[in-house]
Amino acid sequence: MKKNKHLDVLENEAIHIFREAEEQSDNPVMLYSIGKDSSVLLHLALKAFYPALPPFPMLHVDTTWKFKGMIAFRDAKAKECGVELVVHVNQEGVDQNIGPITHGSEVHTDIMKTQGLKQALDKYGYDLAFGGARRDEEKSRAKERVFSFRDKKHGWDPKNQRPEPWSLYNTRKNKGESVRVFPMSNWTELNVWEYIEREKIDIVPLYLAKERPVVEREGMLLMVDDERLDIQDNETVEVKKVRFRTLGCYPLTGAVESDATDVESILSEIRTSKTSERSGRAIDKDSNASMEKKKREGYF
Amino acid sequence: MQDILRFITCGSVDDGKSTLIGRMLYDRKMIFDDQVAELEVSSKKFGTTGENIDFALLVDGLAAEREQGITIDVAYRYFNTEKRKFIVADTPGHIQYTRNMATAASTADLAVILVDARQGILSQTKRHSYVVSMLGVKNVIIAINKMDLVDYSKDAFSKICEDYAKFSNALNFSTIEVVPVSALNGDNICSASSHMSWYKGESLLGYLETAEISTGEQKKQAFRMPVQMVSRPNLDFRGFAGTISSGDVAVGQNIVALPSGKASKIKSIVTYKNELQSASSGQAVTLTLEDEIDISRGDLISCEEDQCSIADLFRTKILWMSEQKMIAGRQYLFKSAVSEQVCTLEKPKYLIDIENLQHIAADNLNLNDIGVCELHLNHKCAYERYENNRNLGSFILIDRHTNQTVGMGMIEHSMRRSLNVQEQYISITRNQRSEQKSQTPCVVWMTGLSGAGKSTIADTLEQRLFGDDYHTIILDGDNVRHGLNKDLGFTEQDRAENIRRISEVSKLMMDAGLIVIVSFISPFRSERELAKDIIGQDSFIEVYIDTPLELAEERDVKGLYKKARAGEIPNFTGIGSPYENPENPDVRIQTATCNPDTAAGIILKYMRENKFTVR
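All values derive from a computational prediction rather than experimental measurement.

Rules of the game
Residues numbered from 1 in each chain as written. Chains lettered and ligands numbered in written order. Predicted model: local features only at pLDDT ≥ 70, side-chain atom pairs only at ≥ 80, totals over all residues. Heavy atoms only, no water. Pairing = 2+ DSSP bridges. Helix = DSSP H or I, 4+ residues; strand = E, 2+ residues; numbered from the N terminus. Axes fitted to C-alpha atoms, helices over the stretch in contact; angles between N-to-C directions. Expected span 1.5 Å × (residues − 1). Buried < 20%, exposed > 50% of the residue type's maximum accessible area, 1.4 Å probe, protein only. Contact = heavy atoms within 4.5 Å. Buried area = accessible area lost by both parts, 1.4 Å probe. Salt bridge = Lys/Arg side-chain N within 4 Å of Asp/Glu carboxyl O. Polar contact = N/O pair within 3.5 Å; in protein donor to acceptor, adjacent residues only side chain to side chain. Nonpolar A, V, L, I, M, F, W, Y, C, P; charged D, E, K, R; others polar. Core = buried A, V, L, I, M, F, W, Y, C linked by side-chain atoms within 4.5 Å. Domains from an automatic or database assignment. Phe/Tyr/Trp six-rings, centres within 6.5 Å; stacked < 30°, edge-to-face > 60°.

### Some words on the sheet that holds strand β2 (residues 58-61) of chain A
Residues and elements named next belong to chain A. Here we have 6 strands laid out as an open sheet, ordered β3-β2-β1-β4-β6-β5, and mixed in their pairing. Looking along the sheet, the strands with just one partner apiece sit at the ends: β3 (85-88) and β5 (147-150). Taken pair by pair, the neighbouring strands of this sheet meet at an average axis angle of 30°, ignoring direction. As defined by bridge partners, β2 adjoins β3 across 4 bridges and the pair is classed as parallel.

In structure tokens:
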């Protein structure tokens, strides 16, 4: 307990936020993206409401391009913890055959992820969505409040955020507004891994190094997760010992070569790392201040 | 064991706050390679430092910030050294963003206040110092920046030290360290500078690594926990979840629930798959009790000895955070760690003049004003003085219509009035008085533009009720202003007081058993809601006399519109001041299409259907 005092501080803060938000929402949901942050978020939700189960479902917006290993983990985890799982796919996008390889990361992410999320929130009428985003992930996130309001069209107005002094959160919504709540705002990537180690939280095995078939494309190592990757003549599939620092759509997520086969060695790898976890993500590099732009348009 | 130090950087615009943080992260290699590469690209595009890297771009992440080269909102950054972990909030220097700066300061353990060596102490330096001190931050580091631009002069440094010492005497800091730095060149940021051998103190980072984190105050205190939610997963379990505000709690300890004062004993302290024997300040837990006592969200569990105080009238210090000025007498939502309820604020006792810390008289609070006000709650709630407990002594104020957070405040102390003025017991009740008259007392509240026809309809309605042997009274806006309220004008504040008095009088008359007909322009929704709250929702009938402005102006029975159009009556409703339509009135009368008799008939029908009258 004493050893990781800062983790206790972060955990207590997250539990407080979960309880405060849930009490003041009519129809909350928890965004679940299957990644390590979602795993921690789910663990914190279980703690916050224990001995009851979290009084909300978890929502996964499936772009149909996730790693197979993620989907298997998701289904097993939902079954084990007993929290209802809602999966939403943007059917219009599927009908138009939208994909990251044919349409590029920007179009794919917008239609399958951003539009898909908006559809799901509107369809089920969720007025509050918990998310695992952290302020250390990216520059515009660093500016976002714990309770972040979205207008009718789910857009974010960064210049007009509510002041949030102490731990007093104004949770009142105007008509048509919805709220994103980020209990892990003050966590860093390192904190997440320290917490996973301390609490022995299950994570998708893709985070751990293993021999996997990969191909190098535009400076990123992509894993050949299924035949849709469409290997070109000038590309060669190699088997390398790799792992992923973040997980998303497999053609947009770069692997890193690594020997870290357990959480402990991941921790020592991160402590000496020279690149940020998002460096493996195509989505952040689309344009300058790209994340802020996406969020103004309704990205989570 | 590593602890976390939360600190902010603040000070005037262009003192180099963002650059300082950027430099610190860069020098300590706490920025990843891909971020440095991106920074180099951005510096070329947006940079304000010529060929050099613009470190401010590391933290100014919003598009508008990069374009304008300023900081708008707080950026949080996280880093650690061998000694401890840090959460740093980089706050904006512009006066219009003081609310964002105060948000960050409210959770800080320490503040780094920057001063431009060429400029010396500016009014924003003073403002930020005051806000930091007011919010209870005890340790500050004054970083005198841009020393390179004054040739690393010891005299320039000493002069600023003296000036700051004079000003800060009146503030409540326990330690003040002063460091001469150049954020741009990295002097005295992470290590000693070779340019200033005359300086013998620590580097900025050196001070940050060793500063004391003052959380001790809350540990020594008695046990308090606001109840966030009641956990009832099944019939056998009833737990009260919350985060402990202060003190320790143990199984078997005697407690009381406040404000009810009901006592019990701690049966168990539940956390995830684990029961604890004791828990302390800062922990989020779920408590179960030996007895079935009524506790809900908004209550406080306190140790039995050294109980938490409760009150409903406080002296508070408020930082106003909205472009809409504070209106004394208007209702706002009060949210503290314990309670969320309606409150009203009195006219400020005084504002604080940041330049010289003098008190100045004022009628209201404008954006970024700091003032001392009395605050009334509708119901008593548990509290602590802010200086003793940040958690239970702080609150925010929310506008009931826009839902915006408009103010943040601190409880200085409760006021005696709430303890000494107790309600006198009276034997004959309102029910008995109304039974004697065989009627249900209520208030028919008519709102609408001047000249809408309120008084005429009120008069007709009263004649009809009187004819049916009901006991009634009319309170007419104009008449009341000749007598009871003749000291009030037409500012927003006076209008609020006007409504408060008329509502209290209506309530007294209801207690007397009467049916009260109020005919009052009452143009603001918040004031009508105040009336409804005072009178009681069940006894309040809101009647909207809906007359288009053009029609009322055309009638102009009293010739007031003409005068208002000529500019002779400022704040005249519909001309110089808005009328806010009721969104869901109980009765709506459109006078364009009906005469006073029909109108009275519609109201009587509503009263009959809702069992206010029987005849």
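### Section: helix α1 (residues 5-23) of chain A
Note: α-helices contain 3.6 residues per turn, so residues at a spacing of three or four share the same orientation. The terminal C-alpha atoms of α1 of chain A, which comprises 19 residues, lie 27 Å apart, in line with the 27 Å expected from a rise of 1.5 Å per residue. Burial of α1 of chain A is extensive: 16 of the 19 residues sit out of reach of the surface.

### Regarding the pairing of strand β28 (residues 540-546) of chain B
Residues and elements named next belong to chain B. Most of β28 is tucked away: 7 of the 7 residues are buried. Covered by surrounding structure in β28 are F540, E542, Y544 and D546 together with I541, V543 and I545, the residues of both alternating faces. Relative to β28, strand β25 (residues 442-447) runs parallel, the two sharing 5 bridges. Bridge pairing in β28 places V444 opposite I541. Taken together, the 4 bridges between β28 and strand β29 (residues 587-590) define a ladder with parallel strand orientation. What sits directly across from V543, in β29, is V587.

### Let's talk about the interface of chain A and chain B
When the parts come together, some accessible area is lost, and that loss is often what is quoted as the size of the interface. If you look at the interface, chain A gives 58 residues, while chain B gives 76 residues. Here chain A meets chain B over a buried area of about 5700 Å², counting both sides, of which 55% is carbon and sulfur. On the chain A side of the contact with chain B, K139, K143 and W166 of chain A bury the most area, a combined 16% of that side's loss. Here K85 of chain B ties to E194 of chain A by a salt bridge, and the two come within 3.5 Å at their closest N and O atoms. At the surface where chain A touches chain B, the tally comes to 27 residue pairs in polar contact (both at pLDDT 80 or more). For the side of chain A that touches chain B, the secondary structure elements donating two or more residues are α1, α2 (36-49) and α6 (189-199) of chain A. Per-element accounting of the side of chain A that touches chain B gives the leading share, 10 residues, to α1 of chain A. Of the residues that constitute the side of chain A that touches chain B, the class distribution is 19 nonpolar, 18 polar and 21 charged.

### Things to note about the nonpolar core
Residue and element names in this part refer to chain B. With 82 residues, the main nonpolar core has F7, I8, F79, V112, V132, L135 and L208 as its most contacted residues. It is strand β4 (residues 110-116) that contributes the most residues to this core, 6 residues altogether. The two domains that each donate at least three residues to this core are domain 1 (4-214) and domain 3 (309-420). Once residues lying within four places of it in the same chain are set aside, the contact partners of V132 are I8, C10, M101, A105, A111, V137, V140 and F173.

### Topic: the environment of A552 of chain B
All names here are of chain B. Mapped onto the secondary structure, A552 falls in helix α16 (residues 549-555). Separated by 104 residues in sequence, A552 and G448 have C-alpha atoms that sit 10.0 Å apart. Once you skip the residues sitting within four places of it in the chain, A552 turns out to touch S450, G451, T547 and Y561.

### Quick look at the packing of aromatic side chains
Residues and elements named next belong to chain B. Overall, the coordinates contain 26 aromatic pairs over all chains when judged by the stated rule. Taking the centre distance of 5.3 Å and the plane angle of 45° together, the rings of F157 and W198 count as tilted. Highlighted residues: F157 in helix α6 (residues 154-168) and W198 in the loop between β6 (175-180) and α7 (204-210), separated in sequence by 41 residues. Overall, the relative accessible area of 9% leaves F157 in the buried class.

### Brief notes about the domain arrangement of chain A
Residues and elements named next belong to chain A. On domain assignment, one finds that chain A holds domain 1 (5-192 + 289-296) and domain 2 (203-282). Here the C-alpha centroids of domain 1 and domain 2 sit 24 Å apart. Facing the 25 residues of domain 1 at the interface are 26 residues of domain 2. Each partner contributes to the roughly 2300 Å² buried at the junction of domain 1 and domain 2, and carbon and sulfur atoms together form 62% of this total. Summed over the three residues of domain 1 that lose the most area to domain 2, namely W65, F67 and E189, the buried surface amounts to 31% of that side.

### Examining the pairing of strand β8 (residues 229-234) of chain B
Residues and elements named next belong to chain B. One ladder, built from 4 bridges, connects β8 with strand β9 (residues 237-243); its direction is antiparallel. Bridge pairing in β9 links S231 to G239. Between β8 and β9, which follow one another and run antiparallel, lie 2 residues.

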